[in-house]
Amino acid sequence: MTEPGRLAVRKTYKLYIGGAFPRSESGRSYVVTSSKGEFLANASRASRKDARDAVSAARKAFAGWSGATAYNRGQILYRVAEMLEGRRAQFAAELVDADGVSARKAGELVDAAVDRLVWYAGWSDKIGALRGAANPVAGPYFNLSTPEPTGVVAVVAPPTGPLLGLISVIAPVIVTGNTCVVVASERAPLPAITLGEVLATSDLPGGVVNLLTGRVAELAPWLASHMDVNAIDLTGCPEELAVACERDAAENLKRVLRPATGKVDWLADPGVERMTAFLETKTVWHPIGV
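Keep in mind that what you see is a predicted model, and the values were worked out from it rather than measured.

1. Some remarks on the environment of R48
For R48, the location among the structural elements is in helix α1 (residues 48-67). The spacing of R48 and L219 is 171 residues in sequence and 6.7 Å in space, taken between C-alpha atoms.

So this is what it looks like as structure tokens:
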């Protein structure tokens, strides 16, 4: 509570790109309101230039992140979960404002987001065994298939589940060695920026996750058509925009994960499909020695 006669220190909501918190180069912002229509904050409205900067940061971080051991990536995701839990009260308060849920329900959603991170962290050194194979061939060769990350993945976060939904689309992308550029929920972007603060103070290298706030209809097409983006998750796109983005993504043969039909229950078992959606398979032939 602010003392009488003292001005409150208002939080400035910025973008999260390359491990830093820049303002939008456009200088634009937009008003974020609560579920009751009350003013919450002015969030940065990212531009095409901001999206390009985010893609560049993700590409720069890809070699180091994909080259890290799977065990190390799992450790880092677990560390992010620890730090997210340490800011449980703040995230819960933001969910109460965003979705109008009770404080108890908001706390349960934060707990579910922490658990989701831990769950994906556990898969880091196991997904290779699930997707890899030793293939029988007619000849004196070993034939081995192993999964590898696709590269830079653009993610349009869901408009619902501003924390749990956000974690559920980011974690499977990065745990397998990809880097990402995320367009946060346009309706409720504040948990995404707070998550950026968690990531910035964790062990996650800068550029692995880049968070943009702003208009989905403005940012998604630029990411879909960007030639240095290897894949795109259109979960948060409305149907008409998703179709247009899928068409743009075909220009450089991006992998595309289309939005699910119907309402998504982010509390349900996530399965492994979001991890395998952004993996390539490399097959190596090796002669068997005499």
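2. Structural notes on the side chain of S168
Counting through the fold element by element, S168 comes out in helix α6 (residues 164-175). Polar side-chain contacts of S168 include one of 2.8 Å to the side chain of R116. Excluding anything up to four places from it in sequence, S168 contacts R116, Y120, W266 and R274.

3. With respect to the packing of aromatic side chains
Aromatic ring pairs are reported here in terms of the distance separating the ring centres and the angle at which the planes meet. This model, assessed by the stated rule, comprises four aromatic pairs. Arranged with centres 5.7 Å apart and planes meeting at 75 degrees, the rings of Y141 and W285 form a pair that is edge-to-face. One end of the pair, Y141, is in strand β4 (residues 141-149); the other, W285, is in strand β10 (residues 279-287), and 144 residues separate them in sequence. A relative accessible area of 39% means that Y141 is categorised as partly exposed. Through a chain of ring-to-ring contacts, three or more aromatic side chains come together here, namely W119, Y120 and W123.

4. With respect to the sheet that holds strand β3 (residues 133-134)
One open sheet holds the three strands; their spatial order is β3-β4-β10, and the pairing between them is antiparallel. Bordering the open sheet on either side are β3 and β10, each of which pairs with just one other strand. When β4 meets β10, the two strands line up antiparallel, connected through nine bridges. Bridge pairing in β10 places F142 opposite H286.

Procedures and definitions
- Note on numbering: residues in each chain are counted from 1, in written sequence order.
- Two thresholds apply to this predicted model, a pLDDT of at least 70 for residue-level local features and 80 or more for giving and counting side-chain atom pairs, whereas whole-chain, interface and lining totals are computed over all residues.
- The side-chain figures draw on all heavy atoms in the structure; neither hydrogens nor water molecules are used.
- Segments assigned H or I by DSSP are reported as helices when at least four residues long, segments assigned E as strands when at least two residues long, and all are numbered from the N terminus.
- N or O atoms within 3.5 Å of each other form a polar contact, as long as, within protein, one can give a hydrogen and the other can take it, and as long as residues adjacent in sequence are counted only when both atoms are side-chain atoms.
- Should any heavy atoms of two residues lie within 4.5 Å, those residues are considered in contact.
- Each aromatic pair joins two rings of Phe, Tyr and Trp (for Trp, the six-membered one) with centres within 6.5 Å, and gets the label stacked for planes under 30 degrees apart, edge-to-face for over 60, and tilted for any other angle.
- For each residue, the accessible area found with a 1.4 Å probe, counting protein chains only, is set against the maximum for its type, and the residue is called buried under 20%, exposed over 50%, and partly exposed in between.
- At least two bridges found by DSSP between two strands are what make those strands a pair.

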